[in-house]
Structure formats: structure tokens, C-alpha cells
Amino acid sequence: MFDRLQKPFLTVETGEAYQPVRLTYQLLQPEKLSQTLESLQCIQKNTSPNSWNWYWTAECNDLHFESVNAYQKNTDRPLRLATITLRDGKLFVNLTSFKRACLAVPFFHKMFTKGVLAIQLADFINKIFSVDERLPHGFAELFKEEELDRILNQRVQDYDIVKEQIEHAASAEEALSLLSKYTQVEAKKRLPYAERYSFELREDDDPDIIFLAFYIYLRGRELVAIRRWFGQVGFALSESTEDTLAQVFGEMGIDLID
């Protein structure tokens, strides 16, 4: 443990911990995809087919990274934020940090004409890496579809069971007790190495709220990984979620009642 405390973890150019994330988009109007991609100056086509790079420039030049103080932007050589690939009828955006993923989702939602793409999934790694650790070779090695689906389906099933119990509770007190027990159990669970987040963005939903929920979800897990790296092995997901909520709503000027 002492050796780990002395060893820095791997970070990306903009200062965040290296934690790979893969966004999956459903193609609603494939014929309009290339036209939209080619219209954006921040996206450049690769030499390989059905592949693009997303750079920190032009339309996304104002994206903000809190930990970017030490990074000097070079307008002649903009920083690559992600790679984009088209495969099996879906669009994949591969990123190297949770922060980049949280910025990418609302950005692409805004840039693409309504009805062209729909965000479906975010697959991510619940750990940080040491600077000399062997990194997985490509996103295909990181994410196993069967395991990600199994974890996601189990989480949804557990939630549905508790939801039904709450709906049939004899009193409000019983309902609150069931909810409290559920959240306590969830908070104590060991986070899986890789995890899947499912988006449900309906027609009448406020996308900003959906994107904020995604940020809170990822940020909580990022804090757990970092705190545990520095020796706080008992740091729970519930604690990181509380810290994240206090930060988010504090910046919005909203008081949270205990």
C-alpha cells in the first residue's frame, strides 16, 4: 500500500485520471451522419474507413476542464479528445477520461441535428492506472458485452424489485425504510471493473437533467477510485455521491437538506 501511495496515477493531457469510456450511439438517420461529421471543423476524417478524430478546437473550443491549468493549448496542433468509429450500424465515441465523456454527451447532442443520433450507452472502467501499468490494448479488450449486459440487467432487476415493494408498502415510513436499505446495500457493493450506463432520453425529457445525472453517476465512481488509490480503502460510493451532490448543487446555489 505504501508503494502505491508514493506512485502517481496515470492522467490525460488535461489533468484528469485516465479512465477509458466508450459511448454508443444509435443511428436514426445514417444517411445524414457523414454530412454532419464533415460539417464540423473539430472533427477530422482518419485515413482508415469509418473513423474520425474529435479535437479540442473550433465548435468545442470553449469546453472547460477544471484541471487544465498546466496544459497550454496549441492552436496549430489541437488536442485530440476522442476517436469516433462507425461499426455494425452504430457510432462509437472512445474517450480517455470521465470528464471528457461528460462533455462529449451534451456536445454531440447539440451538434447533431435532432433525429440523426441517439445516445444509448456509456461503458467505462471503475479504476485508475499507475503510470507504469500495462494498459489494455484497445477498447475491445476493455469491454466484454456479455459481462456489461449482465451487470446492467442485474442492477435494473434489483431496482425494479425494490420499486415494486415500495409501491405496495403499507405506509410512507415502510416505503422510506425500504428505500434506505436499498441505497445502503448498493453503496456497500464492490464496484465492478467495467460497468455500463444506460441512457433513457425520451421526447419530453429535459436533456440537461439527463446529462447532469450522468455526470453525478460518473463523478461519484471517479472519486471512489481516486480516494481508494490514496489509501482510503473504506471510502464508499455513498460518500462520493454526497460529495458530488454537494458540489453540484452548491455551485447552482441550491441548499441540500439532510
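Look a little higher up for the structure.
This one's a predicted model, so the numbers in the text were calculated from it and none came from an experiment.

Colleague: Lay out unusual backbone geometry in plain terms, naming residues and giving numbers.
Modeller: A positive phi angle is found at N50, which is not glycine, with a value near 55°. In this structure, A58 is a non-glycine residue whose phi angle is positive, near 50°. With respect to the helices, strands and loops of the structure, A58 is situated in the loop between β3 (51-55) and β4 (80-87). According to the relative accessible area criterion, A58 is partly exposed, its value standing at 34%.

Colleague: Give a detailed account of the pairing of β4, specifying residues and quantitative values.
Modeller: Pairing analysis gives 5 bridges linking β3 to β4, with the strands arranged antiparallel. Looking at the pairing, N53 lines up with T83 of β4. Where β4 lies against strand β5 (residues 90-95), 6 bridges are found, and the strand directions are antiparallel. By the bridge assignment for β5, T83 is matched with N94. Adjacent in sequence and paired antiparallel, β4 and β5 are bridged by 2 residues, among which D88 carries a positive phi angle near 55°.

Colleague: Residue-level account of helix α7 (residues 207-229), with values.
Modeller: In this model, α7 (23 residues) spans 33 Å end to end at C-alpha, consistent with the 33 Å of a helix rising 1.5 Å per residue. At the N-terminal boundary of α7, the capping side chain belongs to D206, with an oxygen 3.0 Å from the backbone nitrogen of D208.

Reading the values: rules and limits
Residues numbered from 1 in each chain as written. Predicted model: local features only at pLDDT ≥ 70, side-chain atom pairs only at ≥ 80, totals over all residues. Heavy atoms only, no water. Helix = DSSP H or I, 4+ residues; strand = E, 2+ residues; numbered from the N terminus. Buried < 20%, exposed > 50% of the residue type's maximum accessible area, 1.4 Å probe, protein only. Pairing = 2+ DSSP bridges. Expected span 1.5 Å × (residues − 1). Polar contact = N/O pair within 3.5 Å; in protein donor to acceptor, adjacent residues only side chain to side chain.

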